[in-house]
Amino acid sequence: MPLQQKHLLGLEGVSAEDISLILDTATTFREILDRPIPKVPTLRGLTVVNLFYEASTRTRISFELAEKRLSADSVNFTTSTSSVKKGETLKDTIRNIEAMKIDMVVVRHQAAGVPRFLTQCVDAAIINAGDGMHEHPTQALLDMFTLREKFAKLQGLRVAIIGDISHSRVAGSNIRGLKAMGAEVMLCGPKTLIPRDVEKFGVQVTYDVEDAIAWADVLNVLRIQLERQEAGLFPTLREYHAEFGITQQRLERAKKDITIMHPGPINRGVELDADVADAEYSVILNQVTNGVAVRMAVLYLLSGNEESVS
Amino acid sequence: MNEIKKAKALLLSGGTIYDASDGSHKRLDILIADGKIKQLGTDLADGFSGEKIDASGHLLMQGLMDMHVHLREPGREDEETIESGCAAAMAGGMTAVCAMPNTTPPCDSQEVVRFLKKRGEEQLVEVLPIACVSKKRAGAEITEMAELVKAGAVAFSDDGNPVANTAVMRAALEYSSMFEVPLIEHCEDPHLAAGGHMHEGWMSTRLGLPGQPDIAESIMVARNIALAEYTGGHIHIAHISTAKSLELVRRGKENGVKVTCEVTPHHLALSDEALIDYDTNLKMNPPLRSRLDVEALKIGLRDGTIDAIASDHAPHSIEEKDVEFAAAPFGILGLETMLGIILKHLVQTGEMRLEEVLKKMIIGPRQILGLPLPRIKEGEVANLTILQPDAAWTVRKANLHSLSRNMPYDGWELNGRVLGVVNRGYFWVAGEARP
C-alpha cells in the first residue's frame with residue numbers, strides 16, 4: 001500500500017496507517033544501516049535538494065546521509081539570511097532550483113507554512129525538515145520509531161514533553177503523531193511557554209515537572225533557548241533548571257523506570273543533567289541513528305519508487 | 001472599465017427610492033439636471049430626451065460611504081491611485097471614501113491634504129482626507145490639527161500605527177476636540193501584539209504562527225475610552241475585531257463617552273479558521289478572530305454598538321503577497337466586495353434587514369465624521385447609489401477595478417449588484433464585466 005501523501009508537510013491529518021507504514025519501512029532501512037556496506041541503489045538517479053534557511057547540524061547531516069545511503073544525488077543550499085533579504089523571493093529561489101531538474105526538496109525555514117507554500121510553487125515532493133514553530137515531522141517519526149523499538153507499541157504509552165512547547169515544532173509534530181498512534185501525551189513547562197488552547201489537541205498540561213515524571217513512561221525533553229529568557233518568558237536559566245530541569249534526583253524520587261529522549265542539541269545542566277543524558281535509560285543516541293533510517297523511509301516512500309527494498 | 005460621464009440631464013426611471021433618513025420607500029423617477037435633483041415624480045420619461053438609466057427593479061438611495069480606505073497615493077501608485085481607488089469605490093456603490101494617511105509622504109501636512117483634495121476633485125467619488133495624529137505617524141508630536149482641518153481633513157488617525165504613548169494620545173484627543181473631528185485609532189498594544197501574524201488561540205497554536213491576543217486590541221480600546229471620557233474628545237475605534245473591545249465600547253456608550261466604532265466585512269464573514277492553508281490574502285491587521293468574536297460583532301452591529309461598516313481596503317502588490325505567510329504585509333482589498341459580502345452574509349441569512357445594513361454605510365460614517373447626509377429632495381445635489389439588492393454575482397479577481405488583486409474572495413457568490421452611482425454632476429454605470 002503506498003503512502004497517502006505526495007509530500008510530508010507535517011503529521012497533522014496523517015493517518016495511523018501511514019505513520020505505521022513509514023515506521024515499518026524504516027525498520028528495513030535500520031537493518032541496512034548495520035550492514036558492512038550500508039548503502040542501497042534504491043533512489044539512484046533521483047536528485048534531492050536540502051534547502052536549509054536555518055542553521056542545522058544533525059537534521060541536515062541526517063537527511064544527507066539518508067540520501068547517500070539510498071544512492072540519491074543530493075545538493076545542499078544553506079543560508080542563515082532569508083532570501084527576502086538577498087532580494088530574491090523564496091518562490092523564485094525554489095523555481096530556479098526546480099528548473100535544474102530536481103525531484104525532491106527537503107526544507108527547513110524560520111517561517112511556519114513554508115513547506116506548504118513550496119508545494120504551490122513547484123511540482124517536486126516537499127519534505128518538511130522544520131518550519132518555524134509549526135511542525136518537524138521526521139523528528140516525531142524518529143522519536144516514535146525509537147519508542148516502538150523499545151516498547152514494541154505506542155498505543156497507551158505515556159509520553160511527557162517537557163520544556164518550551166510554544167516555540168517547539170518538535171512538540172508540534174510529536175503531539176499529532178503520538179495522538180494518532182494512540183499514545184497519551186502530557187505537556188509540561190513554564191506557563192509562559194505553553195501555547196494557547198493547546199488542550200484542544202487532546203493532551204494534558206502540567207506546570208509541575210514532578211507530576212509529569214510521576215505520570216510518564218517517557219520524557220521527551222526539549223532544548224530551552226536562551227533567547228526565550230531574553231524575551232522575558234522565564235527569569236533565569238538557573239531557575240529553569242531548578243523548576244523544570246530533569247535531574248537524577250527527581251528521577252530517583254519517582255521510583256520507576258523511565259525513558260529519556262531529547263531532540264538535541266542538549267543544554268547540559270539546563271533542561272537535562274549530564275548524568276541523565278548519558279544514563280542507560282536514555283535513548284538519545286538511538287534517536288540520532290534511527291533518524292537516518294526514518295528519513296530514508298520517508299524519502300523512499302515519497303519518491304514514488306515501487307521497487308522493493310532489499 | 002466604464003467611463004464616468006457628465007450629463008446636463010439624466011433620468012433614473014422605474015426604481016424605488018429608499019431614503020435612509022426616514023426609512024421611506026417611494027416608487028418615483030428622479031430627474032437630474034446639472035448635478036441636482038430637478039424633479040421627483042412618476043412617468044418623467046415621457047418626452048425626456050437626455051441620458052436615461054433604467055432603474056426598474058432597483059433601489060435608489062443616498063450614496064454609500066466607506067470611511068476606511070487606503071488609496072496608496074502618494075507613494076505606492078503601483079498598488080492603487082486615487083483614480084483606481086475611486087473606480088473600485090464606484091463599483092462597490094460608494095460615492096465617498098476617506099483616505100487613510102499612511103502614504104509616502106504621510107498626510108501630516110496641509111500640502112498633502114490639499115494634494116488629495118485636488119486629485120479628488122476630478123472624481124465622481126468624493127475623497128475625504130484623514131490626516132495623521134502625529135508628525136510622520138511617529139507617535140511623538142501631534143500634527144498642526146487646526147490647519148489640517150481648515151485644509152480639509154475630516155478626522156485624524158495614525159492608522160496602522162497605534163499612538164502608543166498615552167500622554168500623546170491624551171493631548172491629541174484634547175486638542176482635536178476643539179474642532180469636533182474624531183480621532184480614529186487602530187487599537188493595538190504594540191508590545192502585546194509584537195511579531196503576531198494572526199489571532200492568538202487554537203488556530204495559531206495549530207499553525208505554529210505567532211499570534212496577537214485579543215487583549216492587545218481591547219486594552220488599547222479601554223485606554224482610549226478612558227482618555228475620551230477624561231478629555232471630552234471623540235474616539236473612533238477603527239476595524240473593531242474582538243468581543244472584548246465591543247463590550248468596552250458598549251459600556252462606554254452607556255456612560256455617555258464619545259466613542260464610536262466601525263467593523264469590516266471580513267471580520268464579519270471570516271474567522272481565523274480560514275487561515276488553515278496560510279493564505280496571505282487572509283492576512284490583515286487586526287487579524288481574523290475567533291468564531292465567538294465574529295458572532296459578537298454581528299450582535300454589536302445589530303444592537304447599534306457598531307456605528308458603521310468600513311472596508312479597510314488595503315491594496316498590496318502581487319510581489320508583496322506571493323511570499324511565505326510571515327513575510328507578507330497585512331491588508332486585503334475590500335471596496336468592491338464590501339456591500340456584496342454584507343448582503344450575502346448578514347442580510348440573506350436573515351440576521352439583519354437590508355435597510356439596517358445600508359444605514360451603516362450611508363448614515364453611520366457621515367454621523368461619525370459630522371458630515372451632512374445627502375438628501376433625496378428636489379434642489380439637492382444628486383448623490384445616489386443604484387442597487388439591485390437581491391441579485392447574485394460571482395467575484396472575479398480579473399474584473400476588479402483596483403490595481404491590486406490581494407483579496408480572498410475570488411469565486412465567492414455575493415449578493416447585491418450595483419448598477420451605478422451618481423454624484424457631483426457625474427454618473428457611472430457598471431458594465432457587464434464586474435468583479
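Nothing here was measured: the structure is a model prediction, and the numbers come from that model.

Draft legend 1. Layout of helix 1 (residues 82–91) of chain B. Residues and elements named next belong to chain B. Along helix 1, nine of the 10 residues are buried, which leaves the element largely enclosed by surrounding structure. All of the buried residues in helix 1 are Ile 82, Ser 84, Gly 85, Cys 86, Ala 87, Ala 88, Ala 89, Met 90 and Ala 91. Tucked into the core, helix 1 has its buried residues touching strand 1 (4–6), strand 10 (94–99), helix 2 (110–121), strand 11 (126–131), strand 20 (413–423) and strand 21 (426–429).

Draft legend 2. Focus on the domain arrangement of chain A. Residue and element names in this part refer to chain A. What the domain assignment reports for chain A is domain 1 (16–136 + 288–303) and domain 2 (137–285). On a C-alpha basis, the centroid separation for the pair domain 1 and domain 2 is 25 Å. Each side of the interface is counted separately: domain 1 has 30 residues, and domain 2 has 28 residues. Interface area for domain 1 against domain 2, summed over the two sides, is near 2300 Å², with a carbon-plus-sulfur share of 58%. Linking domain 1 with domain 2 are three salt bridges, by the criterion used here.

Draft legend 3. Quick peek at unusual backbone geometry. All names here are of chain A. Of note, the bond from Gly 264 into Pro 265 is cis; its omega dihedral lies within 30 degrees of zero at -10 degrees. Along the chain, Pro 265 falls in the loop between strand 9 (259–261) and helix 12 (274–277). At Lys 101, a position not held by glycine, the phi torsion is positive, near 65 degrees. Structurally, the position occupied by Lys 101 is in the loop between helix 4 (90–99) and strand 3 (104–109).

Draft legend 4. Expanded view of the packing of helix 4 of chain A against helix 5 (residues 114–121) of chain A. All names here are of chain A. Two elements in contact, helix 4 and helix 5, have axes separated by 10 Å at closest approach and are oriented at 55 degrees. By the criterion of interaxial angle, the relationship of helix 4 to helix 5 is oblique. As helix 4 packs across helix 5, the resulting crossing turns out to be right-handed. Residue-level contacts link Leu 90, Lys 91, Ile 94 and Arg 95 of helix 4 to Val 114, Phe 117, Leu 118 and Cys 121 of helix 5. Residues of the contact of helix 4 with helix 5, tallied by class, amount to six nonpolar, no polar and two charged.

Draft legend 5. Examining the pairing of strand 21 of chain B more closely. Residue and element names in this part refer to chain B. Note that strand 1 and strand 21 share three bridges and pair antiparallel. Counted as the bridge partner of Ile 4 is Trp 428 from strand 21. As paired strands, strand 20 and strand 21 are joined by four bridges and run antiparallel to one another. By the bridge assignment, Gly 420 is partnered in strand 21 with Val 429. In this structure, the hairpin formed by strand 20 and strand 21 is closed by a connection of two residues, where Arg 424 is found at a positive phi of approximately 55 degrees.

Draft legend 6. A look at the sheet that holds strand 6 (residues 36–41) of chain B. Residues and elements named next belong to chain B. Strand order in this open sheet of four strands is 6-5-2-7, and the pairing throughout is mixed. Bordering the open sheet on either side are strand 6 and strand 7 (51–54), each of which pairs with just one other strand. Averaged over all pairs of adjacent strands, the angle between strand axes in this sheet comes to 20 degrees, irrespective of strand direction. Pairing of strand 2 (residues 9–13) with strand 5 (residues 29–33), which is carried by four bridges, proceeds in the antiparallel orientation. Pairing of Leu 11 across the sheet is with Leu 31, part of strand 5.

Draft legend 7. Geometry of the sheet that holds strand 9 (residues 64–69) of chain B. Residues and elements named next belong to chain B. Read across the sheet, eight strands follow the order 9-10-11-12-13-16-17-18 without closing on themselves; strand pairing throughout is parallel. Looking at which strands have only one partner, the edges of the open sheet turn out to be strand 9 and strand 18 (308–309). Sheet topology places strand 10 next to strand 11; four bridges connect them, and they run parallel. Looking at the pairing, Val 97 lines up with Val 127 of strand 11.

Draft legend 8. View of a nonpolar patch on the surface. On the surface, a nonpolar cluster with roughly 210 Å² of combined accessible area is contributed by Leu 192, Ile 215 and Ile 219 of chain B. Following the sequence through the fold, Ile 215 of chain B ends up in helix 7 (residues 215–231).

Draft legend 9. Summary view of the domain arrangement of chain B. Residue and element names in this part refer to chain B. The domains assigned to chain B are domain 1 (5–60 + 377–394 + 413–429) and domain 2 (63–369). Taking only C-alpha atoms into account, the centre of domain 1 sits 30 Å from that of domain 2. Every contact between the two is made by 23 residues of domain 1 and, on the other side, 30 residues of domain 2. Interface of domain 1 and domain 2: buried area, both sides summed, is about 2000 Å²; carbon and sulfur atoms make up 64% of it.

Draft legend 10. Structural context of the confidence of the model for chain B. Mean pLDDT over chain B works out to 96, with 99% of the residues at or above the 70 mark. The ipTM for the predicted assembly is 0.95, set against a pTM of 0.95.

Draft legend 11. Summary view of the environment of Met 296 of chain A. Residue and element names in this part refer to chain A. Take Met 296: it is sitting in helix 13 (residues 284–303). According to the relative accessible area criterion, Met 296 is buried, its value standing at 0%. Separated by 234 residues in the primary sequence, Met 296 and Ser 62 place their C-alpha atoms 9.3 Å from one another. Sequence-distant contacts of Met 296, that is, excluding residues within four places in its chain, are made with Phe 29, Leu 33, Ala 66, Arg 69 and Leu 70.

Draft legend 12. Layout of the packing of helix 2 (residues 58–69) of chain A against helix 13 of chain A. Residues and elements named next belong to chain A. It is at 8 Å that the axes of helix 2 and helix 13 come closest, and there the two elements cross at 55 degrees. As summarised for this structure, helix 2 and helix 13 are arranged oblique, according to the angle between their axes. Note on packing geometry: the crossing formed by helix 2 with helix 13 is right-handed. Counting all contacts with helix 2, which are made through Arg 58, Thr 59, Ser 62, Phe 63, Leu 65, Ala 66, Glu 67 and Arg 69, the residues of helix 13 involved are Val 288, Gly 291, Val 292, Arg 295, Met 296 and Leu 299.

Draft legend 13. Local environment of the side chain of Thr 260 of chain B. Residues and elements named next belong to chain B. Relative to the helices and strands, Thr 260 resides in strand 17 (residues 259–263). What makes Thr 260 buried here is its relative accessible area of 11%. In terms of polar contacts, Thr 260 uses its side chain to reach the side chain of His 236, at 2.8 Å. With sequence-adjacent residues up to four places away left out, Thr 260 is seen in contact with His 234, Ile 235, His 236, Ile 237, Lys 253, Asp 307 and Ile 368.

Draft legend 14. Structural context of the side chain of Ser 282 of chain A. Residue and element names in this part refer to chain A. Assignment of secondary structure puts Ser 282 in the loop between helix 12 and helix 13. For Ser 282, the side chain forms a polar contact with the main-chain oxygen of Ala 277, separated by 2.8 Å. Those residues within four positions of Ser 282 in sequence are excluded, and the remaining contacts are Ile 260, Val 276 and Ala 277.

Definitions and limits used
- Residues numbered from 1 in each chain as written.
- Chains lettered and ligands numbered in written order.
- Predicted model: local features only at pLDDT ≥ 70, side-chain atom pairs only at ≥ 80, totals over all residues.
- Heavy atoms only, no water.
- Buried < 20%, exposed > 50% of the residue type's maximum accessible area, 1.4 Å probe, protein only.
- Helix = DSSP H or I, 4+ residues; strand = E, 2+ residues; numbered from the N terminus.
- Contact = heavy atoms within 4.5 Å.
- Domains from an automatic or database assignment.
- Buried area = accessible area lost by both parts, 1.4 Å probe.
- Salt bridge = Lys/Arg side-chain N within 4 Å of Asp/Glu carboxyl O.
- Axes fitted to C-alpha atoms, helices over the stretch in contact; angles between N-to-C directions.
- Parallel < 35°, antiparallel > 145°, perpendicular 65-115°, else oblique.
- Left-handed = near helix turned anticlockwise from the far one by under 90°.
- Nonpolar A, V, L, I, M, F, W, Y, C, P; charged D, E, K, R; others polar.
- Pairing = 2+ DSSP bridges.
- Patch = residues over 30% accessible without salt bridge, like charges linked within 9 Å, V, L, I, M, F, W, Y side chains within 5 Å.
- Areas by Shrake-Rupley, 256 points an atom, 1.4 Å probe, with all protein chains shown as cover.
- pLDDT = per-residue confidence, 0-100.
- Polar contact = N/O pair within 3.5 Å; in protein donor to acceptor, adjacent residues only side chain to side chain.

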